[in-house]
Amino acid sequence: MPEFVHLHVHSEYSLLDGLASPDKLAARARELGMSALALTDHGVMFGVVDFYKACKKHDIKSILGCELYVAPGSRFERNSGREHKPFHLTALARNEVGYKNLLQLVSKAQLEGFYYRPRVDRELLEQHCDGLIVFSGCPTGEIPRLLRDGQRDKARQLAGWFHEVFGKGNFFIEVQNHSLEWMQGLLRDLVEMSREFDLPLVATNDVHFSRREDHYAHDILLCIQTNSTVKDPKRMRYTDTFYMRSPEEMAALFAEIPEAIRNTVLIAERCDFKLDFGTYHLPSFEVPEGFTPHTYLRHLCEAGLNQRYPHITAEIRARLEHELRVIHEMGFDTYFLIVWDLCDFARRNGIWWNVRGSAAGSIVAYTLGVTNLDPLENNLIFERFLNPGRVSMPDIDLDFPDDRRDTMINYTVQKYGADKVAQIITFGTMGARAAVRDAGRALDLPLGEVDRVARLIPAIPGKPVSIANVLEEGHEFYVKEFREAYDSTDYIRNLIDTAQQLEGVARHASTHAAGVVVADKPLVEYCPLARATKGDEGGVPVTQFDMGSVEAIGLLKIDFLGLSTLTIMRKAVELIKQYQGVELDLAT
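Residues numbered from 1 in each chain as written. Predicted model: local features only at pLDDT ≥ 70, side-chain atom pairs only at ≥ 80, totals over all residues. Heavy atoms only, no water.

## Observations regarding the overall build of the chain
Turning to step 1, where the next piece is worked out: Tallying secondary structure elements over the chain gives 22 helices and 15 strands in all.
Turning to step 2, where the next piece is worked out: Along the first, second and third principal axes, the C-alpha set of the chain runs to 85 × 65 × 45 Å.
Turning to step 3, where the next piece is worked out: Burial statistics for the chain: of 588 residues in total, 53% are counted as buried.
Turning to step 4, where the next piece is worked out: Expressed as a percentage of contacts within the chain between residues at least 6 apart in sequence, the contacts between residues at least 24 apart total 76%.
Turning to step 5, where the next piece is worked out: Put simply, the chain shows about 26000 Å² of open surface, and 49% of that area lies on carbon and sulfur atoms. (Helix = DSSP H or I, 4+ residues; strand = E, 2+ residues; numbered from the N terminus. Buried < 20%, exposed > 50% of the residue type's maximum accessible area, 1.4 Å probe, protein only. Contact = heavy atoms within 4.5 Å. Areas by Shrake-Rupley, 256 points an atom, 1.4 Å probe, with all protein chains shown as cover.)

Structure (structure tokens):
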């Protein structure tokens, strides 16, 4: 069996044209006997952590990359038209330096170069070239496009530039063969260029779905994302060749240039980078002279202890000592000081706040004034909040009035630095009902009929209901009428089968309602950043990793949830004082 590695793979985190989850891609690569796999989503690195974990689960070597968008001129230019359309460039991290350069490129593409797409330019590529392996790209890369336009001299000059910038052995001429007639001439031109300039070839398949039979569902997904239907002849579409081919299929496609197949394995062997899941990156917290974070935390707790308890019993003292010891041994003194400081700022500025969850079980939080519930009086257990046997970052969820949440985030930015603070991204996935409705629109089915079918799926708060559950007789979510609809006609069966393939796929990105991440160094050293998804270009950026991923790589996450309830309660208290002369606060 020939050895081959797929180095140009898109997951659902491409958001527009990727269908498969990282887990499905890694599982399929293992099934096909491959030793490694590269993720190259379009312009983003949203799925990197999930992909890395999925590859580890399936005993596949993960290669982290991105299919960058490259502006023809400066990334700061905002011009439209074909001549200003960005080119595609495949980039892979060879080592830690390369991964950090990739983080920089992808972040600056979002924060500096965004215009319809997140774009880098040649200036950025020169600044962040170390540790990267780059390919000339798919047919929408600059070199392939120049060749297709007959500008061979310019294509040769550009190939020379890439070879010079990235160094010998780090720039490859990428060749693809999706059995499309127009691609054959381009393939010959690319091979000719590689021979003329002694540049190595690499064979890729532009993977957008894991199996050939997923092509139909992928076509429907494209219709959904581009707001078109299958009946539109001008819609964006792919042929069924953009699946994860087997090594045998790839070897047969490139039988005349076997070195292009061999080079995929050589590149995979050269890429060696591992994500670090064992280190925390807590921001530093300035304490008064003569104190350490540990002694300052104790100092604050001792002061609060005397305020909270008129009589300090042996039980109270033992509980405080136990918690302080555990917090210090787990390395979270600074974490508690950070949360105390945020609550102290809120207190000093008349901003109400509330703490949810297991933090109420901590006497340290109570004596700091972070919580207002006595854990001893209410028999609350500290280990539910922080347990030495379960090493993970403590999590204190803070609620603020929704009209003061921005004030709290701005304070955090000012205190720790704009480059060290970001909001957290979240991904909207297609639920069962949404998948049926979206598939119905893409298939151009009668909306009333589609809605009738979608409504048969139970909507149960807090319990995700899958289409498979609703179809399965004997399951708690089984719906007889839904099963009857499925069995009634071919087009309804096709609708539900298609929706089932789309269910759970990431469809769009937005800003998490609460999550804010704070680090000890510029965040771009740990994760890629993106523009605020609400369209506020001057706002706080968001991480490209979701909440679970930022926690996995050791970043501090604080939940600042804006609640209208607190805003209304505070206003009511102000009105009561104004008209009744009675002073109330959140505690009373």
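Read on for the rest.
## A short note on unusual backbone geometry
Turning to step 1, where the next piece is worked out: Phi at Asp59 takes a positive value of approximately 60°, unusual for a residue other than glycine.
Turning to step 2, where the next piece is worked out: The topology assignment puts Asp59 in the loop between α2 (48-57) and β3 (61-70).
Turning to step 3, where the next piece is worked out: Backbone geometry places Asp198, a non-glycine residue, at a positive phi of 55°.
Turning to step 4, where the next piece is worked out: Structurally, Asp198 is set in the loop between α7 (181-197) and β8 (201-203).
Turning to step 5, where the next piece is worked out: For Asp198, a relative accessible area of 61% puts it in the exposed group.

## Thoughts on the pairing of strand β6 (residues 132-135)
Turning to step 1, where the next piece is worked out: Of the two faces of β6, both are covered, the one formed by Leu132 and Val134 as well as the one formed by Ile133 and Phe135.
Turning to step 2, where the next piece is worked out: In this sheet, β6 lies alongside strand β4 (residues 87-93) in antiparallel orientation, the contact comprising four bridges. Pairing of Ala91 across the sheet is with Val134, part of β6.
Turning to step 3, where the next piece is worked out: Where β6 lies against strand β7 (residues 171-175), two bridges are found, and the strand directions are parallel. Bridge pairing in β7 places Val134 opposite Phe171. (Pairing = 2+ DSSP bridges.)

## Remarks on the packing of aromatic side chains
Turning to step 1, where the next piece is worked out: Counted according to the given criterion, the structure contains 19 aromatic pairs.
Turning to step 2, where the next piece is worked out: Measuring from centroid to centroid gives 5.0 Å for Trp161 and Phe162, while their planes differ by 80°, and the two rings are edge-to-face. Each member of the pair, Trp161 as well as Phe162, is classed as buried.
Turning to step 3, where the next piece is worked out: An aromatic cluster of three or more residues is present, and its members are Trp161, Phe162, Phe166 and Phe171.
Turning to step 4, where the next piece is worked out: Stacked on the ring of Phe277, the Lys or Arg Lys53 has its end atom at 5.6 Å from the ring centre.
Turning to step 5, where the next piece is worked out: Its guanidinium or amino end placed over the ring of Trp161, Arg122 lies 5.4 Å from that ring's centre, counting from NZ or CZ. (Phe/Tyr/Trp six-rings, centres within 6.5 Å; stacked < 30°, edge-to-face > 60°. Lys NZ or Arg CZ within 6 Å of the ring centre and 35° of its normal.)

## Section: the nonpolar core
Turning to step 1, where the next piece is worked out: Within the largest apolar cluster, 81 residues are counted, with the highest numbers of intra-cluster contacts made by Tyr99, Leu125, Ile143, Phe162, Val175 and Leu555.
Turning to step 2, where the next piece is worked out: In terms of residues, this core owes the most to one element, helix α6 (residues 152-166), which gives seven residues.
Turning to step 3, where the next piece is worked out: Beyond its immediate sequence surroundings of up to four residues, Tyr99 is in contact with Met45, Val48, Leu64, Ala93, Phe273, Leu275, Tyr526 and Phe545.
Turning to step 4, where the next piece is worked out: Listed in part, the 55 residues of the second largest apolar core include Ile316, Phe332, Trp353 and Ala365. (Core = buried A, V, L, I, M, F, W, Y, C linked by side-chain atoms within 4.5 Å.)

## Here we look at helix α1 (residues 22-31)
One turn of an α-helix holds 3.6 residues; hence residues three or four places apart share an orientation.
Turning to step 1, where the next piece is worked out: Of all the residues in α1, the buried ones are Pro22, Leu25, Ala26, Arg28 and Ala29. Burial along α1 is one-sided: seen end-on, the buried residues are contained in an arc of 160°.
Turning to step 2, where the next piece is worked out: Buried residues in α1 make contact with β1 (6-9), β2 (36-39) and α2. (Arc of directions from axis to C-beta.)

## Topic: the sheet that holds strand β10 (residues 397-401)
Turning to step 1, where the next piece is worked out: With respect to topology, seven strands assemble into an open sheet ordered β9-β10-β15-β12-β11-β14-β13, the strand pairing being mixed. The sheet terminates laterally at β9 (354-356) and β13 (529-530), the two strands that pair on one side only.
Turning to step 2, where the next piece is worked out: Note: strand β11 (residues 421-429) against strand β14 (residues 542-543), two bridges, orientation parallel. Counted as the bridge partner of Gln423 is Val542 from β14.

## Let's talk about helix α8 (residues 215-225)
Turning to step 1, where the next piece is worked out: With respect to burial, α8 is a largely interior element, nine of its 11 residues being buried.
Turning to step 2, where the next piece is worked out: Along α8, the residues classified as buried are His215, Ala217, His218, Asp219, Ile220, Leu221, Leu222, Cys223 and Ile224.
Turning to step 3, where the next piece is worked out: Buried residues in α8 make contact with α16 (432-442), α20 (490-502) and β12 (506-518).
Turning to step 4, where the next piece is worked out: Two residues or fewer after α8 comes Asn227, characterised by a positive phi angle close to 55°.

## Observations concerning the side chain of Glu67
Turning to step 1, where the next piece is worked out: Relative to the helices and strands, Glu67 resides in strand β3.
Turning to step 2, where the next piece is worked out: Despite being buried, Glu67 has no salt bridge partner; Arg145 is the closest side chain of opposite charge, sitting 9.6 Å away.
Turning to step 3, where the next piece is worked out: Among the polar contacts listed, one links the side chain of Glu67 to the side chain of His8, at a separation of 3.1 Å.
Turning to step 4, where the next piece is worked out: One polar contact links Glu67 to His88, side chain to side chain, over a distance of 2.9 Å.
Turning to step 5, where the next piece is worked out: For Glu67, the contacting residues outside a window of four places in its chain are His8, His10, Thr40, Asp41, His42, Gly43, His88, Leu89, Thr90 and Cys138. (Lys, Arg positive; Asp, Glu negative; His and termini not counted. Salt bridge = Lys/Arg side-chain N within 4 Å of Asp/Glu carboxyl O. Polar contact = N/O pair within 3.5 Å; in protein donor to acceptor, adjacent residues only side chain to side chain.)

## Thoughts on a nonpolar patch on the surface
Turning to step 1, where the next piece is worked out: A cluster of nonpolar side chains, Ile576, Val582 and Leu584, forms an exposed patch at the surface whose accessible area comes to about 200 Å².
Turning to step 2, where the next piece is worked out: Relative to the helices and strands, Ile576 resides in helix α22 (residues 564-580). (Patch = residues over 30% accessible without salt bridge, like charges linked within 9 Å, V, L, I, M, F, W, Y side chains within 5 Å.)

## Some thoughts on the packing of α8 against α16
Turning to step 1, where the next piece is worked out: Relative orientation of the contacting elements α8 and α16 amounts to 90°, with a least axis distance of 9 Å. By the angle class used here, α8 and α16 are roughly perpendicular. Counted together, Ile220, Cys223 and Ile224 of α8 and Asp438, Ala439 and Ala442 of α16 form the full contact between these two elements.
Turning to step 2, where the next piece is worked out: Here the contact of α8 with α16 is built from residues that sort into five nonpolar, no polar and one charged. (Axes fitted to C-alpha atoms, helices over the stretch in contact; angles between N-to-C directions. Parallel < 35°, antiparallel > 145°, perpendicular 65-115°, else oblique. Nonpolar A, V, L, I, M, F, W, Y, C, P; charged D, E, K, R; others polar.)

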